[in-house]
Number of protein chains: 2
Amino acid sequence: MTESGSAPGTLRPGGRTARTRAAVRDAVLTGLGEHGYPGLTVEYVAEHSGVHKTTLYRRWGGIEGLLADTLDLAGEDDWSPPDTGSLEGDLRALAREAADSFTDPGQAAAPTAIIAAAFQSRRAADALHAFYAERFSRCERVVHRAVERGEAPAGTDAGAVVRAVSAPLYFRLFITREPIDPALADQSATAVLAAVRAGAFASARAAGRPVMSG
Amino acid sequence: MTESGSAPGTLRPGGRTARTRAAVRDAVLTGLGEHGYPGLTVEYVAEHSGVHKTTLYRRWGGIEGLLADTLDLAGEDDWSPPDTGSLEGDLRALAREAADSFTDPGQAAAPTAIIAAAFQSRRAADALHAFYAERFSRCERVVHRAVERGEAPAGTDAGAVVRAVSAPLYFRLFITREPIDPALADQSATAVLAAVRAGAFASARAAGRPVMSG
C-alpha cells in the first residue's frame, strides 16, 4: 500500500527509524490508555509523537496499522519468563505478573484497549494473536525446564499449561467482569501445578481420556 | 428516568408485557448478531420487534438499557448444569457446552457482541457481570454434588472450579484469538478435575499455600 512497498516492520535498522517507531508506539499506547481504540486518531499520534501525519499515513496506513505495529514492537522486547528453579515458583510468578499488570490501572489501560480493539478490527485481532502466540511460546520454557528437572511428565502440553495459568485471570477481567487479586493468581498457579503433576496435560491424555480412573 | 419510574425488569407478569419483552430481546439478539453492538440502533430493534420506537425509549431508555434487559431476560431461563452422575462427566459436559456455543457462528454472534459491548459500555459490563455471576452460581451445584459424593474435598471453591473449566476456552476465543475445539474443552475439564482431586481448589489452600510438598 505504501509507495515504497515496505511494511513498517522491515524498517528496523536502529537509528532514526527505530527512534521514530518507538516514539510512534509510545504515542499509540498513551492514546489507547487515554481514549481507547474508538477514540484514537492519527492526529493524536502525530501530535504526541512529533511525526507528521502524512508520514504516519504513508508508513502505517492508518490507525489499524499503527496498532498492529505497536504490538509487533511490543513483541520484540527481551522479556523472558521467570526462572525461580521450580515449576511451582515459575507458574506462580507468571500468574502474579499477569495479575499485577492488570491491577495497576495505568499499566492496564493500553493492553485493555488493545483487547477491546480486537473485537472491532480484524487486523488488531491478528496482531494480538501474533503477540500472544510469541509471548506464550517464550513462557513454554518454564514447562520444558520442569520436564528436564523431572517435575512434569514428558509430553506435557507446555502451551496449554502456560495458557491455563493466565486464563482464569483474563476470564474474570474481560468476560465475567469480576475483580482479581494475588490470591486468585496463586490459586490458578496451584491448580495448574496439581494438574501438571497428575499428568492431566500430558499430550496422549489431553485428547480426552481420564487422568485417573479412580 | 421513565415517566412511570419503573425499571423494565419490574414489568414482568406474563401476558402482553412478557411477550413484548421477549420480542424486543429477540430483536436485540438478532441485531447484535448482524451488526454488533456499535451498529445496533433503537430503529433496528423497533423494526424487528414491532414495538414502537418511542415505547422502546420510554421503557428501556435506549440501546444500553435494551442490552441490559436482554441479558436480564437471558438470566431468567431455566438452564441448569449437567448432572451426569460424576464430577468428571459434569465438568466435561460444561466445557463441551461452552465450546459448542462458540463454535457455531450463528449461536456465537450475539454473546460475542455482548462481550465486546462490555468494553464500550459500563452498563453492558455490569449486566454481563450479573449474567455470569448468576450462571456460574447455578454451575456450582456440580461441585457441591461432587463434594457430597466424596469426589471432591470439602471446602472446594466451587466458583473457582467452574470458572477454571471455561476460562481457557474464552481466553483463546477472546484474548489470544486462537481456535478452540472439543479436545481443548476435554483437556480443560481433565486438568481442573485433577486439580480438584488433588485439593488445589480447597479453600484453605487456595489462599496460596502449595498443594503437595513433594
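Residue positions within a chain follow its written sequence, with the count starting from 1. As they are written, the chains are lettered A onward and the ligands numbered 1 onward, keeping that order. Only residues with pLDDT of at least 70 get local features here, since the model is predicted, and only at 80 or more are side-chain atom pairs given and counted; chain-wide, interface and lining totals rely on the full set of residues. Just so you know, side-chain values use all the structure's heavy atoms and leave hydrogens and water out.

Caption draft 1: A look at the overall build of chain A. Strands are runs of DSSP state E lasting at least two residues, helices are runs of H or I lasting at least four, and both sets are numbered from the N terminus onward. A tally of helices and strands in chain A yields ten helices and zero strands. For chain A, the α and β elements follow one another from N to C terminus as α-α-α-α-α-α-α-α-α-α. Three exposure classes are used, based on accessible area relative to the maximum for each residue type with a 1.4 Å probe and protein chains only: buried under 20%, partly exposed in between, and exposed over 50%. Here chain A, with 214 residues, has 53% of them falling under the buried criterion. Across chain A, the fraction of contacts at a sequence separation of at least 24, relative to all contacts at a separation of at least 6, is 64%. Accessible surface, chain A: about 9,200 Å² in total, of which carbon and sulfur atoms supply 52%. Working rule for contacts: check all heavy atoms of both residues, and any pair within 4.5 Å makes them a contact. Computed with the Shrake-Rupley method and a 1.4 Å probe, the accessible areas treat only the protein chains shown as cover for residues.

Caption draft 2: Examining the packing of helix α7 (residues 122–148) of chain B against helix α8 (residues 158–174) of chain B more closely. All names here are of chain B. Orientation is described by lines fitted to C-alpha atoms, with helices fitted over the stretch in contact, and by angles between N-to-C directions that extend from 0 to 180 degrees. The contact between α7 and α8 brings their axes to 8 Å, and the two run at 115°. Accordingly, the angle class assigned to the pair α7 and α8 is roughly perpendicular. Relative to α8, α7 is oriented so that their crossing is right-handed. Residues Tyr132, Ala133, Phe136, Cys139, Glu140, Val143 and His144 of α7 form the contact with α8, whose own contacting residues are Ala158, Gly159, Val161, Val162, Arg163, Ser166 and Tyr170. Class assignment of the residues belonging to the contact of α7 with α8 gives a composition of nine nonpolar, three polar and two charged. Any angle between 65 and 115 degrees counts as roughly perpendicular, while under 35 counts as roughly parallel, over 145 as roughly antiparallel, and the rest as oblique. The crossing is said to be left-handed when, going from far helix to near helix, the turn is anticlockwise and less than a right angle, and right-handed when the turn is clockwise. Polar here means any residue outside two lists: the nonpolar Ala, Val, Leu, Ile, Met, Phe, Trp, Tyr, Cys and Pro, and the charged Asp, Glu, Lys and Arg; Gly therefore counts as polar.

Caption draft 3: Summary view of the packing of aromatic side chains. Geometry of aromatic contacts follows a simple scheme: Phe, Tyr and Trp rings, the Trp one being its six-membered ring, pair when their centres are within 6.5 Å, and the pair is stacked under 30 degrees between planes, edge-to-face over 60, tilted otherwise. This structure, assessed with the given rule, holds 19 aromatic pairs over all chains. Seen in terms of ring centroids, Phe119(A) and Phe174(B) are 5.7 Å apart; in terms of plane orientation they differ by 15°. Their pairing is stacked. In this pair, Phe119(A) sits in helix α6 (residues 105–120) while Phe174(B) sits in helix α8, so the two residues belong to two different chains. With respect to class, Phe119(A) is no different from Phe174(B); both count as buried. Between the aromatic rings of Phe131(B) and Tyr132(B), the centroid separation amounts to 5.4 Å while the plane-to-plane angle is 70°, which identifies the pairing as edge-to-face. Neither Phe131(B) nor Tyr132(B) differs from the other in exposure class; each is buried. We call a charge positioned over a ring when the NZ of a Lys or the CZ of an Arg lies within 6 Å of the ring centre and within 35 degrees of the ring normal. Just above the ring of Phe119(B) sits the side chain of Arg177(A); from NZ or CZ to the centre is 4.5 Å.

Caption draft 4: Highlighting the UniProt feature "DNA-binding region" (unreviewed entry) in chain A. Here the UniProt-annotated "DNA-binding region" (unreviewed entry) positions come out as residues 41–60 of chain A. Note that residues 41–60 of chain A is 80% helix and 0% strand, and that its end C-alpha atoms are spaced 13 Å apart. UniProt positions are given in the numbering used here, feature names are shortened, and annotations may be inferred rather than shown by experiment.

Caption draft 5: View of the interface of chain A and chain B. Each partner contributes residues to the interface: chain A has 47 residues there, and chain B has 47 residues. Carbon and sulfur atoms make up 65% of the area that chain A and chain B hide from each other, which totals about 4,100 Å². Taken as a group, Phe119(A), Ile175(A) and Arg177(A) account for 17% of the area that chain A buries against chain B, more than any other trio of residues on that side. Distance and chemistry together define a polar contact, namely a pair of N or O atoms within 3.5 Å, with one atom able to donate a hydrogen and the other to accept it when in protein, and with adjacent residues in sequence counting only for side-chain atoms on both sides. Where chain A packs against chain B, one counts eight residue pairs in polar contact (both at pLDDT 80 or more). Secondary-structure elements contributing two or more residues to the side of chain A that touches chain B are α5 (87–103), α6, α7 (122–148), α8 (158–174) and α9 (182–197) of chain A. Among the elements that make up the side of chain A that touches chain B, the one with the highest residue count is α8(A) (ten residues). When its residues are assigned to classes, the side of chain A that touches chain B shows 27 nonpolar, ten polar and ten charged. For any pair of parts, buried area is found by adding up, for both, the accessible area (1.4 Å probe) each one loses once the two are put together.

Caption draft 6: Spotlight on the relation of the copies chain A and chain B. Its rotation angle being 180°, the transformation that places chain A on chain B also includes 0.0 Å of axial translation and leaves an RMSD of 0.0 Å. Interpreted geometrically, this transformation is the action of a two-fold axis. Fitting of the copies onto one another was done by least squares over C-alpha atoms, counting residues only where both copies have pLDDT of at least 70.

Caption draft 7: Up close: α8(B). Residues and elements named next belong to chain B. Expected span of a helix, by definition, is 1.5 Å for each gap between consecutive residues, and there is one gap fewer than residues. The end-to-end C-alpha distance of α8, which contains 17 residues, comes to 24 Å, matching closely the 24 Å that a straight helix rising 1.5 Å per residue would cover. At every residue, the bend is computed as the angle between two fitted axes, covering the seven residues ending there and the seven beginning there respectively. At Ala167, α8 shows its maximal kink, close to 35°; a proline, Pro168, follows between one and four residues later. Within α8, 17 of the 17 residues are buried, which leaves it mostly tucked inside the rest of the structure.

Caption draft 8: Summary view of the environment of Phe171(B). Position of Phe171(B) relative to the elements: it lies in helix α8. The class of Phe171(B) is buried, set by a relative accessible area of 1%. Aside from chain neighbours lying at most four places away, what touches Phe171(B) is Phe136(A), Arg163(A), Ser166(A), Ala167(A), Tyr170(A), Thr176(B) and Arg177(B).

Caption draft 9: Quick look at the environment of Gly85(B). All names here are of chain B. Of note, Gly85 is situated in the loop between α4 (63–74) and α5 (87–103). Sequence separation between Gly85 and Arg145 is 60 residues, and the spatial gap between their C-alpha atoms is 8.8 Å. Apart from residues no more than four positions distant in its own chain, Gly85 is found in contact with Asp90, Arg149 and Glu151.

Caption draft 10: Broad picture of α5(A). Over its 17 residues, α5(A) extends 24 Å from the first C-alpha to the last, a length consistent with the 24 Å expected when each residue adds 1.5 Å. In this structure, the buried side of α5(A) is in contact with α6, α7, α8 and α9 of chain A.

Caption draft 11: Quick look at the pattern of salt bridges. Only one rule defines a salt bridge in this text: a Lys or Arg side-chain nitrogen within 4 Å of an Asp or Glu carboxyl oxygen. Counted according to the given criterion, the structure contains 29 salt bridges over all chains. Ionic pairing is found between Glu43(A) and Lys53(A), a salt bridge with its closest N-O pair at 3.1 Å. Placement of the pair is Glu43(A) in helix α2 (residues 42–49) and Lys53(A) in helix α3 (residues 53–60), with a sequence separation of ten residues. You can call Glu43(A) partly exposed: its relative accessible area is 37%. Between Arg149(B) and Glu151(B) there is a salt bridge; the shortest N-O distance is 2.7 Å. Residue classification places Glu151(B) among the partly exposed residues on the basis of a relative accessible area of 25%. Among the charged side chains, a network of salt bridges with common partners joins Asp77(A), Glu134(A), Arg135(A) and Arg138(A).

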